Amino acid sequence: MSVTDADTIDAVADRLFDAIERSDKAAVADLWAADVTVWHAGDTRDNERARALRVIDWFIDATSERRYQVLERHVFDGGFVQQHILHATGGNGASISLRVCIVIKVGADGLITRVDEYYDPKGIAPLLAKPDVEAS
């Protein structure tokens with residue numbers, strides 16, 4: 001399998017976002033190479049695999065539903081760039097619609113080797129807020 005195989009790269013992208021939507025943490029981990037590096041907007045450094053998977057775990061645990069509205073995806077030799085709106089509802093009842101640009105590199109083995117995710121970090125703040133408690 002060559003990294004230039006656009007169908008394979010597109011399938012990896014579909015499987016990744018589908019796994020997150022379905023809360024399938026194991027499927028996400030299976031798509032990532034052992035030496036994957038991940039950077040998110042607001043990070044001061046790249047994250048290694050274990051830390052990056054903890055971020056995915058937190059996001060899945062903090063949200064009751066997630067949906068990716070893909071605006072466009074372009075496959076390039078060795079990966080893809082995608083713009084999407086991430087719609088999610090938090091366990092606290094808050095919802096977000098976060099515009100994201102993500103660049104993902106895929107190795108010859110079909111595993112993700114690099115993720116760079118660009119978004120306004122303030123956009124996830126509603127997921128971090130404590131639920132409102134009404135006075136009795």
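Predicted model only: the values in this text are computed from it and were never measured.

A. Region of interest: the packing of aromatic side chains. Applying the stated criterion across every chain yields a total of four aromatic pairs. Consider the rings of Trp39 and Tyr118, whose centres lie 5.0 Å apart with planes at 55°: the pair is tilted. Residue Trp39 is located in strand S1 (residues 32-40), and its partner Tyr118 is located in strand S5 (residues 112-118); the two are separated by 79 residues in the primary sequence. By way of ring pairs, the aromatic residues Phe17, Tyr68 and Phe80 are connected into one cluster. The ring of Phe80 has Arg73 lying over it, and the distance from NZ or CZ to the ring centre is 5.6 Å.

B. How the structure looks around the UniProt feature "domain: SnoaL-like" (unreviewed entry) in the protein chain. Sites flagged by UniProt as "domain: SnoaL-like" (unreviewed entry) map to residues 14-115. Along residues 14-115 one finds 28% helix and 50% strand; the C-alpha atoms at either end are 15 Å apart.

C. Summary view of the environment of Glu72. Relative to the assigned elements, Glu72 resides in strand S2 (residues 63-76). Look at Glu72 and you get partly exposed, because its relative accessible area is 35%. Between the alpha carbons of Glu72 and Asn92 there is a distance of 30 Å; along the sequence they are 20 residues apart. Glu72 has contacts with Val81, Gln82 and Gln83, leaving out every residue within four places of it along the chain.

D. Representation of the sheet that holds S1. One open sheet holds the five strands; their spatial order is S1-S5-S4-S3-S2, and the pairing between them is mixed. What marks the edges here is a single partner per strand, and that holds for S1 and S2. Adjacent strand axes in the sheet meet at a mean angle of 25°, parallel and antiparallel pairs treated alike. When S2 meets strand S3 (residues 79-90), the two strands line up antiparallel, connected through 12 bridges. Paired with Glu72 across the bridge in S3 is Gln83. With respect to the sheet, helix H1 (residues 6-21) is in contact with S1, S2, S3, strand S4 (95-106) and S5, its orientation differing from that of S2 by roughly 165°. Contacting S1, S2 and S3, helix H3 (residues 49-62) runs over the sheet at an angle of about 65° to S1.

Cut-offs applied
Residues numbered from 1 in each chain as written. Predicted model: local features only at pLDDT ≥ 70, side-chain atom pairs only at ≥ 80, totals over all residues. Heavy atoms only, no water. Phe/Tyr/Trp six-rings, centres within 6.5 Å; stacked < 30°, edge-to-face > 60°. Helix = DSSP H or I, 4+ residues; strand = E, 2+ residues; numbered from the N terminus. Lys NZ or Arg CZ within 6 Å of the ring centre and 35° of its normal. UniProt positions renumbered as here; feature names shortened; annotations may be inferred. Buried < 20%, exposed > 50% of the residue type's maximum accessible area, 1.4 Å probe, protein only. Contact = heavy atoms within 4.5 Å. Pairing = 2+ DSSP bridges. Axes fitted to C-alpha atoms, helices over the stretch in contact; angles between N-to-C directions.

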